[in-house]
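Examining the three-dimensional arrangement
What follows is each chain in one-letter form.
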Amino acid sequence: MAAHAHAPYPDGEARSRLPNLFEVLSRRTLAPVDLFSFYIYMRDVQRSVDYLDFWLDVSQHMSLCRHYVRELRRSVLISTPDLEKAESKRSSQILSYPLDRTSSEQGPSGYQTGTNERMSNDQRLSAFLRYENGSKHSPHNSEGTNKSHDNTPGSEHPPRPSFMTTGTGNGNGSSPIHNSNGSPQNNVARADIRASAEKILYTYLLPGAEREIILPQSILNEITEAIEREGRDDPEVFDAAKDYVFQAMERDAFPGFLRAKALGNIVHPSMLLRLIIGLVAMFAGFWAAFVLIFLNKSSATRCWVILPFTVGVYSLASHQYMLDPVLALVGYSEYTFGSLHRVKEPFVRTLLNKRALMCLSWIVVVDAALCCLFIFVPSIRL
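Residues numbered from 1 in each chain as written. Predicted model: local features only at pLDDT ≥ 70, side-chain atom pairs only at ≥ 80, totals over all residues. Heavy atoms only, no water.

**A closer look at the pattern of salt bridges**
Pairing between side chains becomes possible if they bear opposite charge and their charged atoms approach one another. Short version of the rule: Note on definitions: salt bridges are taken to be side-chain nitrogens of Lys or Arg within 4 Å of carboxyl oxygens of Asp or Glu. A helix here means a DSSP run of H or I that spans at least four residues, while a strand means a run of E at least two residues long, and both kinds are numbered starting from the N terminus. Categorising residues by exposure relies on relative accessible area from a 1.4 Å probe, with only protein chains included: less than 20% of the type maximum marks a residue as buried, more than 50% marks it as exposed, and the intermediate range marks it as partly exposed.
A complete count under the given rule lists 13 salt bridges for this structure. Between aspartate 53 and arginine 211 there is a salt bridge whose closest N-O contact spans 2.3 Å. Within this pair, whereas aspartate 53 is found in helix α4 (residues 49-79), its partner arginine 211 is found in the loop between α10 (190-205) and α11 (217-229), the two being separated by 158 residues in sequence. A relative accessible area of 3% means that aspartate 53 is categorised as buried.

Put into C-alpha cells, the structure is as follows:
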C-alpha cells in the first residue's frame, strides 16, 4: 500500500503533460521536476523556501495525527473493556474510516483530487481530535496528553525530521519518534501532536518567528486563537494558511520552476558562466577573423576562426535557451551548479530533446554563416 501511494504514476501510465504543483508536492513526479528539485529552486532562485517548509511541516503534522488516530483506534478495538464500549462508542464511530492514506495525497483543503472522500476524512479526523481534546480523556496515552501544556524550560519536544536530511520525508509515521530523553517510542502521544502544532506556530507564523512567512493577518489571528486560547491541535487549524501558501507557490514560483526544469536543464550560475564564455569567445573570433583578413592570410588559415565562433555561438545559445543541448540529448539536467542527474520524467525528456534539436539547428546555422563570411571573404593587405 505504501509503495503504491508513493508511486509517481498511480494509474500505472506515464504522464503525457507537465505536472501540476499538487503532483510535485505529492511526490508523484520524477527528476528533474520532483519535489527535491522544487525545494532547491525555492531555496536558490525564489529565496522563499520557508513557504515550502511550512507546507511540508503541515503535511507532517497531518501524518502525525493520522498515525496517532490509527494507533488509538487499534487500542480501542483491542484493549477497551466491555463496560467502556458504550462510553467510547462515539469515538469509535469517528475513528472508523480509512486512515491508510499518506501525507503524499494531501492537497490544500479546497483542492479537488477527483474525490470528496479525502476532504471528508480529514474533517472527521480533525473533529475526533477536537472531541478527544475536549473530553480530556485519551485511552492511548493520557500521561502524554497531560504533558501537552508543560512549558517548563526542561521540557523539549521532538522536531520534525528535516526534509533535506531524510531524503524521502514521507511522513507516514515510519520513522521512530523520540521523547524528551532521546529514547525511541513506537506510539505517538497526544503531546507530540500538540508540540507539532505549536512548533509550526512558533516557527513560521508568529511575528518575529525564526522563519516567519507572510500571511494575511486574519489567518494568523485565527490560527493563534485556535492553538493558544482554544487549545486546538487538529490539522484543520492550518487549512486556511495551507491554502494560501499553496496558491502563492502555484502563482509565483511554480511557472518559473517548470520553465527552468522542464524547458531547460542548466541553473543560473551555469547560464551566467556560459554568457561570459560566449561573449569572450565571440570577441576572440571577430578579432582573429579581421586580423587574418587584413594580414592577407589564405582561406585555409582563416578556417581556424571556426573554433572561437563555435564556442561562442554554442555558449550564447545555451544561455538564451537555458539549455545545454548536448546534456539534454544524453539525458542529464543540473540540480545545482556542476551537479548532474539523469532526466527520468518521460514527458520532460521528450520536451528537452525537442528543444535541444531546435537549439542545435540554430547553432549550426549561425555558426556556419559566420564562418563562411569570414573564411571566404576576399582578404586585403593593410
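**Structural notes on α11**
Stated formally: One less than the residue count of a helix, multiplied by 1.5 Å, gives the span that helix is expected to have. We call two residues in contact when some of their heavy atoms are within 4.5 Å.
Helix length check: α11, at 13 residues, gives a terminal C-alpha distance of 17 Å against a target of 18 Å (1.5 Å per residue), a fit within 8%. On its buried face, α11 sits against α10 and α12 (239-261). A positive phi of about 70° marks glycine 231, the residue just after α11.

**Some details on the packing of aromatic side chains**
The test is simple: Only centres within 6.5 Å qualify two rings of Phe, Tyr or Trp (six-membered ring in Trp) as a pair; their planes then separate them into stacked at under 30 degrees, edge-to-face at over 60, and tilted for everything else. Comment: the charge-over-ring label is applied if NZ (Lys) or CZ (Arg) is within 6 Å of the ring centre and within 35 degrees of the ring normal.
Under the counting rule described, the total for this entry stands at twelve aromatic pairs. For the pair phenylalanine 54 and tyrosine 204, a centre-to-centre distance of 5.7 Å together with 75° between the ring planes defines the contact as edge-to-face. Of this pair, phenylalanine 54 sits in helix α4 while tyrosine 204 sits in helix α10, placing them 150 residues apart in sequence. Ring pairs connect the aromatic residues Phe286, Phe290, Phe294, Phe309 and Phe374, which therefore count as one cluster. We note lysine 242 situated over the ring of tryptophan 55; from NZ or CZ to the ring centre the distance is 4.6 Å.

**Points about the nonpolar core**
The cut-off we apply is this: Here, the term nonpolar core denotes a set of buried Ala, Val, Leu, Ile, Met, Phe, Trp, Tyr and Cys residues that are joined through side-chain atoms within 4.5 Å. Start and end points for every domain follow an automatic or database-based domain assignment.
Phe38, Leu205 and Met249 are the most contacted members of the largest nonpolar core, which totals 63 residues. Shared between two domains, this core takes at least three residues from each, and those domains are domain 1 (19-76 + 188-262) and domain 2 (264-376). Setting aside anything within four residues of it in sequence, one finds methionine 249 in contact with Leu21, Leu25, Phe38, Met42, Tyr51, Leu52, Trp55 and Phe254. By size, the runner-up hydrophobic cluster in this structure holds twelve residues, among which are Leu64, Leu72, Leu129 and Ile193.

**Brief notes about the confidence of the model for the protein chain**
Do not read the predicted coordinates in detail wherever pLDDT is low. How we decide: Known as pLDDT, the predictor's per-residue confidence is scaled from 0 to 100.
Across the protein chain, pLDDT averages 79, with 71% of residues at or above 70. Confidence over residues 97-106 falls short of pLDDT 50; this stretch has 42 contacts with residues more than four positions distant or in other chains. Throughout residues 136-185 the model reports pLDDT below 50, and contacts reaching past four residues in sequence, or to other chains, amount to 69 contacts.

**Details of the UniProt feature "transmembrane region" (unreviewed entry) in the protein chain**
Condition: UniProt positions are given in the numbering used here, feature names are shortened, and annotations may be inferred rather than shown by experiment.
Under the feature "transmembrane region" (unreviewed entry), the UniProt entry names residues 271-296 and 355-377. Helix and strand shares over residues 271-296 are 92% and 0% respectively, and the end C-alpha atoms of the span are 37 Å apart. Taken end to end, residues 355-377 is 96% helix and 0% strand, and its two terminal C-alpha atoms sit 33 Å from one another.

**Quick word on the environment of valine 69**
If you trace the backbone, valine 69 turns up in helix α4. Residue valine 69 is classed as buried on the basis of its relative accessible area of 1%.

**Details of the pairing of strand β3 (residues 332-336)**
Note the following rule: Strands pair, by our definition, only if DSSP identifies at least two bridges between them.
Bridge count between β3 and strand β4 (residues 339-342): four bridges; the pairing is antiparallel. Along β4, the bridge assignment pairs glutamate 334 with leucine 340. Connecting β3 to the antiparallel partner β4 that follows it, the hairpin turn spans two residues, and glycine 338 within it adopts a positive phi of roughly 80°.

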